[in-house]
Amino acid sequence: YYDKSKLGSSGKKSRFSKPTIIEQEISDEEQQIYKNAYDLWYNGYQIDAIKLFREFIKKYPKSFLADDSQRMIALCHNNMEDYEQAIIEYNKVLTQYPNSNSVITSLYDMAHLNFYYLNDFDKAKYYYQECVKSISMDEENLIEESIFVREHSLDQLNDWEKNIQNVRTYPL
């Protein structure tokens, strides 16, 4: 869970901004259910993982891990190559958990899916731009994953036309 009131901003602001982390206690039961669902995902049981992640969200809608569970549901659909459903599930992270630590990665994943798999370059560009705007490089506690997401998004945007041509020439 993040507190947006702790945010500083610079330049153009995204509607998804990187907030400050607020620690929250997680019960042993929450940790175990999440771990079980994650293990199912990791071992390739995507449908079973989706069911358990959904059960987790239903049982613990305010949990610190609820946003992560929603993002994992999107990853399961991604792994099953159901990219349209994956994007729907990533959008749920943005709408249901707009202050979470999963927003930036979800934006990046939606950009990646739109660019490489769905070839919807307008949507991909929008999500890459949101990634860049969401991550201020002057924040003290910038995590490594955010740095990667921002830098890769900038790389994609800086060579936009060339990258589109490459995807069209060498589709995945």
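Residues numbered from 1 in each chain as written. Predicted model: local features only at pLDDT ≥ 70, side-chain atom pairs only at ≥ 80, totals over all residues. Heavy atoms only, no water.

1. Notes on the environment of aspartate 122
Note the cut-off: Put simply, DSSP H or I for four residues or longer makes a helix, DSSP E for two residues or longer makes a strand, and each gets a number counted from the N terminus.
The topology assignment puts aspartate 122 in helix H6 (residues 121–134). Considering only alpha carbons, one finds aspartate 122 and alanine 111, eleven residues apart in sequence, at a separation of 9.5 Å.

2. Some words on the packing of aromatic side chains
Heads up, the rule is: Aromatic pairs are defined between Phe, Tyr and Trp rings, using the six-membered ring for Trp, whenever the two ring centres lie within 6.5 Å; interplanar angles under 30 degrees are classed as stacked, those over 60 as edge-to-face, and all others as tilted. Partly exposed residues are those whose accessible area sits between 20% and 50% of the maximum for their type, while under 20% is buried and over 50% is exposed, using a 1.4 Å probe and protein chains only.
Across all of its chains, the model carries 15 aromatic pairs by this definition. Taking 4.5 Å as the distance between ring centres and 25° as the angle between the ring planes, the aromatic pair formed by tyrosine 83 and tyrosine 117 counts as stacked. Note that tyrosine 83 is positioned in helix H4 (residues 83–96) and tyrosine 117 in helix H5 (residues 103–117), a separation of 34 residues in sequence. We classify tyrosine 83 as buried; its relative accessible area is 13%. Each member of the aromatic cluster is reached from another via a ring pair, and the members are Tyr34, Tyr38, Trp41, Tyr42, Phe53, Phe56 and Tyr60.

3. A closer look at the side chain of serine 106
Condition: The criterion used for residue contact is that any of the two residues' heavy atoms lie within 4.5 Å.
Position of serine 106 among the secondary structure elements: in helix H5. With relative accessibility at 0%, the residue serine 106 sits in the buried group. Leave out the neighbours within four places in its chain, and serine 106 touches Arg71, Tyr90, Val93 and Leu94.

4. Description of the packing of H4 against H5
To keep things clear, this is the line we draw: Interaxial angles span 0 to 180 degrees and are taken between N-to-C directions of axes, which are lines fitted to C-alpha atoms, for helices over the stretch in contact. If an angle is under 35 degrees, it is roughly parallel; if it is over 145, roughly antiparallel; if it lies from 65 to 115, roughly perpendicular; otherwise it is oblique. A crossing counts as left-handed when the near helix is turned anticlockwise from the far one by less than a right angle, and as right-handed when that turn is clockwise. Under this grouping Gly is polar, as are all residues other than the nonpolar Ala, Val, Leu, Ile, Met, Phe, Trp, Tyr, Cys and Pro and the charged Asp, Glu, Lys and Arg.
Between H4 and H5, the shortest axis-to-axis distance is 9 Å and the interhelical angle comes to 155°. Between H4 and H5, the angle falls in the class roughly antiparallel. The two elements H4 and H5 cross, and the hand of that crossing is left-handed. Touching Tyr83, Ala86, Ile87, Tyr90, Asn91, Val93 and Leu94 of H4 are Val103, Ser106, Leu107, Asp109, Met110, Leu113, Asn114 and Tyr117, all from H5. Classifying every residue of the contact of H4 with H5 by side-chain character gives eleven nonpolar, three polar and one charged.

5. Concerning helix H8 (residues 160–169)
What counts here: Directions drawn from the helix axis to the C-beta atoms are what define this arc.
When H8 is considered as a whole, its buried residues turn out to be Trp160, Asn163, Ile164 and Val167. Down the axis, H8 shows its buried residues gathered within 100° of arc, on one side only. For H8, the exposed residues lying more than 90 degrees away from the buried face are Glu161 and Lys162. Where H8 is buried, its residues contact H5, H6 and helix H7 (144–158).

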